[in-house]
Structure formats: C-alpha cells, structure tokens
Amino acid sequence: MDPTSFRQHRGPLVSDGAINHIIDFFDGNLKFLPFYGHISDYLENLSSPNNSDSDITRPTAVFDYDWRREPFELSDSLHEFIEKTFPSDEYPVVQLCGHSLGGLLAYRCILKYPYRYKPGAVIVGVPFGTGIQYLQDMHRGYFTELDRCRQFLPVTQFSFSSHWIFFPFQEDIGDSFVDVTEETNSSVNSTDTSSESEILYEFQADRGNIGKPLTEFQSEPRKGKPISIDFYNVKSWESHELGIFNRKHESMIDSDTLTKYKKHMKIQLDIARKWREEVIMAPNKNSREIQQPPLVVCATDTVPTVNQILRRKSKETSTSQTAVTEDTEQNNEIWEYDYISGRSVPGDGRIDFDKAFPDTGFNNKEEEQQHRIQYKTIRLNSLHAKQMCWEDYGGDLQTILNAVQNQIDEYNNKQQEDK
C-alpha cells in the first residue's frame, strides 16, 4: 500500500503564520532576529498599492505550513493554496520562492506542475542531499539559542512527519557517524607527543551546536569505527536507543504509546524513502520530454558545518546516581554523543554546501546538459537561520530578491520575444 495514503490525525493545533522573529543571543546580548520578518514585510509591501520601496507592484502571498505533516501532503497543500489564492484564469503562471524545507516543497511543485510555474523558482538553503546533522534534534531535542529551553523534546519530534527525509540511506552514511570509544580512551592514556600523532580533542558530550556556528573548519574526519544503522528502519532506531528509545525517556512513554510511535514511524519512514526516491532522485533521469521551469538555487559555503557525529560509551552506568539536568530521571544512558568535534565542511551551519543542490545523477557533462532539471547557482554568506534577513542583519535577502527579480524579468522578456 502507498504509505502516502495514510493521513496523520489532525489535532487542535494549526499553523497560524510564518515565524517572523526569534530571540537571538550573541556575544552576551539579547535581540530579536527577524527570522522571516524581513521577507514577510517586503512581500506585504510589494503587493500593496501604496508600495513605498519599489515602483513595481506584484501580487504576493506567504504560504505557512504545519511542519508536523509529511512532505507530499505539504507540497500538495502548497499547490492547493496557490490555486485558491491565485486562480489560473486570473493568474496563469506563478513564481515561487522557498527557504529550507519550503524550497523542497516548491521544487516538487515545479516538477509536478511545470506549466503553472513557468517563471520558475528561487530556492534557498535547501537540503537536497541528506545529512547526519539532524540526529542531534531527534536524539537530544531542539534547544533555543540560550541552550536552556528546549522547543521540542524527542517525544515531540518523533510525532512529526516531515523531517525524516533529511537522513541518509544506510549505504551513504560512510564516516559521518562513528564510534570513538576506543579512540577517546586511547587519547586519554596516550603519551605519544610526536608530530605524527593525531591532534587530541576533548569529547563534547551532549552539547548542541544549533545557533552556535563554529569559527574554524575541522576538515579531516575524526577517526572511529563507522556505525551501521538504517535510519529508515524503526528497529535500527530502537536497537541504537536513539530518541524516544533512549533509556531516560522510559518513564515518559508507556508500552501502548511506544507501540503507536513505532507504527507512526514505520509509515513516515516509508514516506520519507518514497520522497527521496521519487522526488529527489527519480526526476533526474526521467520525463526529459517536459521542459521544466528555470530554477535558481542559493546556498551558503562560508560557515563551518559539522557533518560527522561522534559516539562513545558513556562513563556513567545504569547504577549511576548522577541526575539528568533536564528532568528527574537518573542518567542510565549507554551512549553519549558529540555534535561539535567531528568533521566540518563549507555550508550554512545546518546544511552542507555540496548537498544544497539537486543531484543530476549523470556521469558526464554532455548528459547533464540534456538533463531537464537545469539550474543556476548563487553563493551566499549567511547562516541558515539568517539567509532571509537583510544584509545589515547578517543575511542575504537583497541577493535573493535580485535573483527573484532577474528570473521574472527573463521570463517576461522571453514572452515578448515569442510573441
């Protein structure tokens, strides 16, 4: 049965708008970071008859979505929103601009309905490729930048549906997830001070790096034993005691609830695999007879982005009396994780630069030039969370808006030439 035929129950909570501001804590100062506030204000002003920022007036709309829903449902909802907001008899074509997961939703729309989105799409900070980084959110929980208040505990994260698509297939994990128990133990006991010995590092147990960009690159991977895990198999999550299967959550989840979690995970992991196979990989070699809308992909390559997670045996045992800081449970975890000290590569702090683009799947340039999904690239300099902010706030919004305007200008010029 097609896993997308299942629809997760809708509770009383609904999406009520984009996140326009979040609290930013940097260098000891608190301030509001206009997460999507700048782009929201700009689009609202752009569609206003009293537009004060530009001579151009364009109808615009912001699609806010429920991050808890699965991606096929979300992308279908995006298209339905556009059909309702911009009826085709009045607005024959629509241009899209999407950030992060929103960019993936826009990408599927232009693949599925190319004639509706002829002007194209500009997408920013999009996780086309997979990465190990999101394991931190699922196992540790998502913290605010103050690192005190968790926005989502694992028990909440595991009830969501969209973020499973970010994980790599088992054959693609490589050295991005390694056990360094032996290496860290030998480092502590090592007396080798020769120049050829590996530079020692301090294992940063259970410390997050979300909202805390590194300042230096760690270009070489840390040595360790690659961990074999299938992120698209519920049993793998359970056997590795990740997320809700972590021992410290045992008192929070009874057996009946855990069974429901497993059923939900099975469905959503099947959907995630289907998404990666049909949306990310399959379009790259099929249906070339359909000319796809132009695509501009913007991505950052200046921020050290950790793409290797380290694991080691916990120094605490199941009989430890050490209290866990975030709840009243005893610390009886077998493993501890380091999300900071592993290899880091160019990216935006969340997404590797080389994984922020569609993979053509071809082995030579000649085939690639005939490929139906062609795109332009624009390099940015900002953190993932600041990409849609104005430049004086550390973002790249003007660069992105220039790309949007250039794309629609090219479309309009071509329409004139074809007349």
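Up top is the structure these notes are about.
Note that the structure is a prediction, hence the values are computed from the model and not measured. (Residues numbered from 1 in each chain as written. Predicted model: local features only at pLDDT ≥ 70, side-chain atom pairs only at ≥ 80, totals over all residues. Heavy atoms only, no water.)

### Here we look at the overall build of the protein
Turning to step 1, where the next piece is worked out: Within the protein, the regular secondary structure consists of ten helices and 14 strands.
Turning to step 2, where the next piece is worked out: When the 419 residues of the protein are sorted by exposure, 47% land in the buried category.
Turning to step 3, where the next piece is worked out: In the protein, the share of contacts with a sequence separation of at least 24, taken over all contacts with a separation of at least 6, comes to 75%.
Turning to step 4, where the next piece is worked out: Carbon together with sulfur atoms contributes 49% to the accessible area of the protein, which is approximately 22000 Å² in total. (Helix = DSSP H or I, 4+ residues; strand = E, 2+ residues; numbered from the N terminus. Buried < 20%, exposed > 50% of the residue type's maximum accessible area, 1.4 Å probe, protein only. Contact = heavy atoms within 4.5 Å. Areas by Shrake-Rupley, 256 points an atom, 1.4 Å probe, with all protein chains shown as cover.)

### What about a nonpolar patch on the surface?
Turning to step 1, where the next piece is worked out: Taken together, the side chains of I23, L30 and F32 make up a nonpolar region of the molecular surface, amounting to roughly 360 Å² of accessible area.
Turning to step 2, where the next piece is worked out: When you line up the elements, I23 lands in strand 1 (residues 22–26). (Patch = residues over 30% accessible without salt bridge, like charges linked within 9 Å, V, L, I, M, F, W, Y side chains within 5 Å. Salt bridge = Lys/Arg side-chain N within 4 Å of Asp/Glu carboxyl O.)

### Observations regarding the sheet that holds strand 14 (residues 375–380)
Turning to step 1, where the next piece is worked out: Strand order across the open sheet formed by four strands is 3-4-9-14, with parallel pairing between neighbours. In this open sheet, the two edge strands, each paired with only one partner strand, are strand 3 (96–99) and strand 14. Each neighbouring strand pair of the sheet contributes to a mean axis angle of 15°, computed without reference to strand direction.
Turning to step 2, where the next piece is worked out: Pairing of strand 9 (residues 295–300) with strand 14, which is carried by six bridges, proceeds in the parallel orientation. Each residue of the ladder has a partner; that of A299, found in strand 14, is R379.
Turning to step 3, where the next piece is worked out: The strands that helix 3 (residues 101–112) touches are strand 3, strand 4 (121–124) and strand 9; relative to strand 3, the one it contacts most, it runs at about 145°. (Pairing = 2+ DSSP bridges. Axes fitted to C-alpha atoms, helices over the stretch in contact; angles between N-to-C directions.)

### Digging into unusual backbone geometry
Turning to step 1, where the next piece is worked out: The phi dihedral of S100 is positive, around 60°, even though this residue is not glycine.
Turning to step 2, where the next piece is worked out: Relative to the helices and strands, S100 is located in the loop between strand 3 and helix 3.
Turning to step 3, where the next piece is worked out: Judged by relative accessible area, S100 falls into the buried class, the value being 17%.
Turning to step 4, where the next piece is worked out: Unlike most non-glycine residues, E241 shows phi in positive territory, near 55°.
Turning to step 5, where the next piece is worked out: Of note, E241 is situated in the loop between helix 7 (234–239) and helix 8 (255–281).
Turning to step 6, where the next piece is worked out: Judged by its relative accessible area of 18%, E241 is buried.

### Examining helix 10 (residues 397–418)
An α-helical turn contains 3.6 residues, so a residue and the one three or four places further along point in the same direction.
Turning to step 1, where the next piece is worked out: Between the first and last C-alpha of helix 10 there are 32 Å, a value that for 22 residues agrees with the 32 Å anticipated at 1.5 Å per step.
Turning to step 2, where the next piece is worked out: Among the residues of helix 10, those classed as buried are L397, I400, L401, A403, V404, Q407, I408 and Y411. Take helix 10 and look down its axis: the buried residues cluster within an arc of 155°, on one side only. Opposite the buried face of helix 10, at more than 90 degrees from it, the exposed residues are Q416 and E417.
Turning to step 3, where the next piece is worked out: Summarising the contacts, the buried residues of helix 10 are in contact with helix 1 (37–46), strand 3, strand 4, strand 9 and strand 14. (Expected span 1.5 Å × (residues − 1). Arc of directions from axis to C-beta.)

### What about the nonpolar core?
Turning to step 1, where the next piece is worked out: Counting residues in hydrophobic clusters, the biggest one holds 63 residues, and the most contacted among them are L96, W164, F167, F177, F231, W237 and M265.
Turning to step 2, where the next piece is worked out: At the level of secondary structure, the elements contributing two or more residues to this core comprise helix 2 (71–85), helix 3, strand 4, helix 4 (135–139), helix 7, helix 8, strand 9 and strand 12 (335–338).
Turning to step 3, where the next piece is worked out: Per-element tally for this core: the top contributor is helix 8, with nine residues.
Turning to step 4, where the next piece is worked out: Once residues within four sequence positions are removed from consideration, M265 is found in contact with F158, W164, V234, W237, I244 and F245. (Core = buried A, V, L, I, M, F, W, Y, C linked by side-chain atoms within 4.5 Å.)

### Some words on the pattern of salt bridges
Turning to step 1, where the next piece is worked out: All chains considered together, the criterion is met by 19 salt bridges.
Turning to step 2, where the next piece is worked out: A salt bridge links K262 to E238, with the nearest nitrogen and oxygen atoms 3.0 Å apart. A residue pair is termed long-range when its members are at least 10 positions apart, and K262 in helix 8 and E238 in helix 7 qualify at 24 residues.
Turning to step 3, where the next piece is worked out: Put simply, K414 and D418 hold a salt bridge, and the shortest N to O gap is 3.0 Å.

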